[in-house]
Amino acid sequence: MPQSKSASICIAGGGIVGLSSAYFLAKIGYEVVLIERDSIGSHASGFAYGSLSPLGEAGRENEILPELDIARIGMRIHTEFSTKLPNETGIDIQHRFRPSLDLAFDTTEVETAQLQVGWRNKEKGYFSEWMEGDTAREIVPSLSPEIMGAVFTQGVADVDPYRLTLALTEACESMGVEIQHGEVKGVSKMNGNVSAIETSSGRILCERVVIALGPWSGLASSWLGVKVPIRPLKGQILRLKAPATPVSCSVGWQGNYVCTKPDGLLWAGTTEEENGFDESPTTDGRDQVLFALQKMISGLDDAELIQQTACLRPLPIDGQIILGPITDRKDIIIATGAGRKGILLGPAMGKIVSELICEKQPEVDIAPFSPSRFSA
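None of these values were measured; they are calculated from a predicted model.

### Topic: the packing of helix α1 (residues 16-28) against helix α9 (residues 342-357)
As a packed pair, α1 and α9 sit with axes 7 Å apart at the nearest point and diverge in direction by 40 degrees. By the angle class used here, α1 and α9 are oblique. For α1 against α9, the interelement crossing comes out right-handed. Side by side, α1 and α9 meet where I16, V17, S20, S21, F24, L25 and I28 of the first sit next to G342, I343, G346, P347, M349, G350, K351, V353, S354 and I357 of the second.

Here's what the structure looks like:
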């Protein structure tokens, strides 16, 4: 069986977390091999919406609060990437700051959204306020006439996930990261320590392993002898040509979103489906996204559907990321489970992986995200 050269670190998974881990480890000087089963950017990291909002969505702040410290780091790194990656690779990742509007259609949604304004304004670098419906429509004239109001927030951003993935790939390769295509089959040990990672194309000798397989990370449970309770959460996104209905900021409602991206298309999503590992776009998914889109935005009668995509996001059983070494070992680290927040959290998770491998204390407490929480 063919065998590659040995490396200090092997990373299983070429999504945003794996690539970010490779990037920061290569910056330090580690020799890294990254193994990806499919082409780079062919799954969630290449087909996500790319919203960068560490403050969550109005009315759904509990989904971000457990990981808020990591989200802050993610936002900081994305801001650094906005200049560093284009300079290093020549790839425009289309990072841009733009405001968001989180809509409210009834009194319950209004009350919940208004409560979020207060704590958002305590976050350095952000400004948030409640707007009545007419005021919100001054910003986005096509907003539904049925809204009672919206939470307006400045300081949030977005990025093109596929371009970001390509830029990280090129930056990694330029620093000597070896990217191999193959399916990871297991981890070999010698004297209790990692000695190699087994792949469909051969064995790669290494001293440390990072498991960043997204929704497929559960496969590692049998190799590692630890629980990795994670499942795929399918999401579908539509891209529409609607030049007469520009949406200048990210408009959201109840987990749905829409915004005109730099490519000139209206991006709208998303679904939350638990259908196993089926990544196929469906008519039901399309109709679900269109229903939410038409509830938020009016004047779309002439819109033309250009593309429909679907991807699988990794969702742990308790909804929080999995990040850290398995049990008390330091040679195997799991980094996965960001769910719908993968693009935002991925670079921060990669940075923390690099700190753990260097045996540096991460700047935030990651104990709540340890893989060992599932062993009880």
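### Looking at the nonpolar core
Ranked by size, the top nonpolar core spans 58 residues in total, and within it I70, F81, L85, L164 and L323 carry the most contacts. Of all the elements in the fold, those that place two or more residues in this core are β1 (7-12), α1, β2 (32-36), α3 (68-89), α6 (161-174), β19 (332-336) and α9. Here this core gets nine residues from one element, more than from any other, and that element is α9. Setting aside its immediate chain neighbours within four residues, L85 contacts Y23, G90, I91, I93, L164, A167, L168 and A171. A12, V194, C206 and I230 belong to the second largest nonpolar core, which has 27 residues in total.

### Considering the environment of S370
Mapped onto the secondary structure, S370 falls in the segment after α9. The spatial distance from the C-alpha of S370 to the C-alpha of T309 is 32 Å, given a sequence separation of 61 residues. Among residues more than four places away in sequence, those in contact with S370 are L323 and P325.

### Focus: the sheet that holds strand β7 (residues 149-154)
Across the sheet, eight strands lie side by side as β6-β7-β5-β14-β15-β16-β13-β17; this open sheet has mixed pairing. Of all strands in the sheet, those with a lone pairing partner are β6 (127-132) and β17 (304-316), marking the two edges. Recorded for the sheet is a direction-independent mean angle of 20 degrees between the axes of neighbouring strands. Relative to strand β16 (residues 266-269), strand β13 (residues 230-241) runs antiparallel, the two being bridged by four bridges. For R239, the partnering residue across the bridge sits in β16 and is W267. Across the sheet, helix α4 (residues 107-120) is in contact with β5 (100-104), β6, β7 and β14 (250-253); its angle to β6 comes to roughly 155 degrees.

### Side note on the side chain of Q236
Turning to its location among the elements, Q236 is positioned in strand β13. Engagement of the side chain of Q236 in a polar contact is seen with the side chain of E273, the distance being 2.9 Å. Of the polar contacts made by the side chain of Q236, one reaches the side chain of T282; its length is 2.9 Å.

### Observations regarding α4
Taking 1.5 Å per residue as the helical rise, α4 with its 14 residues ought to reach 20 Å, and the 20 Å between its terminal C-alpha atoms agrees with that figure. Those residues of α4 lying buried are E109, V110, A113, Q116, V117, W119 and R120. Check the buried side of α4 and you find it contacts α3, β5, β6, β7 and β14.

### A look at the pattern of salt bridges
Summed over all chains, the structure comprises 18 salt bridges. The salt bridge involving E359 is made with R208; its shortest N-O contact spans 3.6 Å. Of this pair, E359 sits in the segment after α9 while R208 is found in strand β12 (residues 202-211), placing the two residues 151 residues apart along the sequence. You can call E359 exposed: its relative accessible area is 53%. What emerges from the salt-bridge pattern is a single network uniting D69, R72 and E123.

### With respect to the packing of aromatic side chains
Tallying each qualifying case throughout the model produces six aromatic pairs. With a centroid separation of 5.4 Å and an interplanar angle of 85 degrees, the aromatic rings of Y23 and F81 are classed as edge-to-face. Remark: F81 occurs in helix α3 and Y23 occurs in helix α1; sequence separation between them is 58 residues. Take Y23: its relative accessible area is 2%, and that puts it in the buried class. Looking at F81, the relative accessible area reads 2%, which means it is buried. Look at F24 and F81: their rings are 6.1 Å apart centre to centre, the planes differ by 15 degrees, and that puts the pair in the stacked class. Placement of the pair is F24 in helix α1 and F81 in helix α3, with a sequence separation of 57 residues.

### Re the sheet that holds strand β8 (residues 157-158)
Pairing is antiparallel in the open sheet, where three strands are placed in the order β3-β8-β4. Since the sheet does not close on itself, it has two edges, and those belong to β3 (51-52) and β4 (96-97), each with one partner. Relative to β8, β3 is paired through two bridges, and the arrangement is antiparallel. Residue S51 lies in a different strand from β8, and its bridge partner there is D158.

### Section: unusual backbone geometry
Following G269, the chain continues into T270 via a peptide bond in cis, with omega recorded as 0 degrees. Tracing the backbone shows T270 in the loop between β16 and α8 (283-296). The phi dihedral of Q94 falls on the positive side, at around 55 degrees, and the residue is not glycine. Examined against the element boundaries, Q94 turns out to sit in the loop between α3 and β4. For Q94, a relative accessible area of 16% puts it in the buried group. Of note in the backbone geometry, Q254 takes a positive phi value of approximately 50 degrees without being a glycine. In this structure, Q254 sits in the loop between β14 and β15 (256-260).

Rules used throughout
- Residues numbered from 1 in each chain as written.
- Predicted model: local features only at pLDDT ≥ 70, side-chain atom pairs only at ≥ 80, totals over all residues.
- Heavy atoms only, no water.
- Axes fitted to C-alpha atoms, helices over the stretch in contact; angles between N-to-C directions.
- Helix = DSSP H or I, 4+ residues; strand = E, 2+ residues; numbered from the N terminus.
- Parallel < 35°, antiparallel > 145°, perpendicular 65-115°, else oblique.
- Left-handed = near helix turned anticlockwise from the far one by under 90°.
- Contact = heavy atoms within 4.5 Å.
- Core = buried A, V, L, I, M, F, W, Y, C linked by side-chain atoms within 4.5 Å.
- Buried < 20%, exposed > 50% of the residue type's maximum accessible area, 1.4 Å probe, protein only.
- Pairing = 2+ DSSP bridges.
- Polar contact = N/O pair within 3.5 Å; in protein donor to acceptor, adjacent residues only side chain to side chain.
- Expected span 1.5 Å × (residues − 1).
- Salt bridge = Lys/Arg side-chain N within 4 Å of Asp/Glu carboxyl O.
- Phe/Tyr/Trp six-rings, centres within 6.5 Å; stacked < 30°, edge-to-face > 60°.

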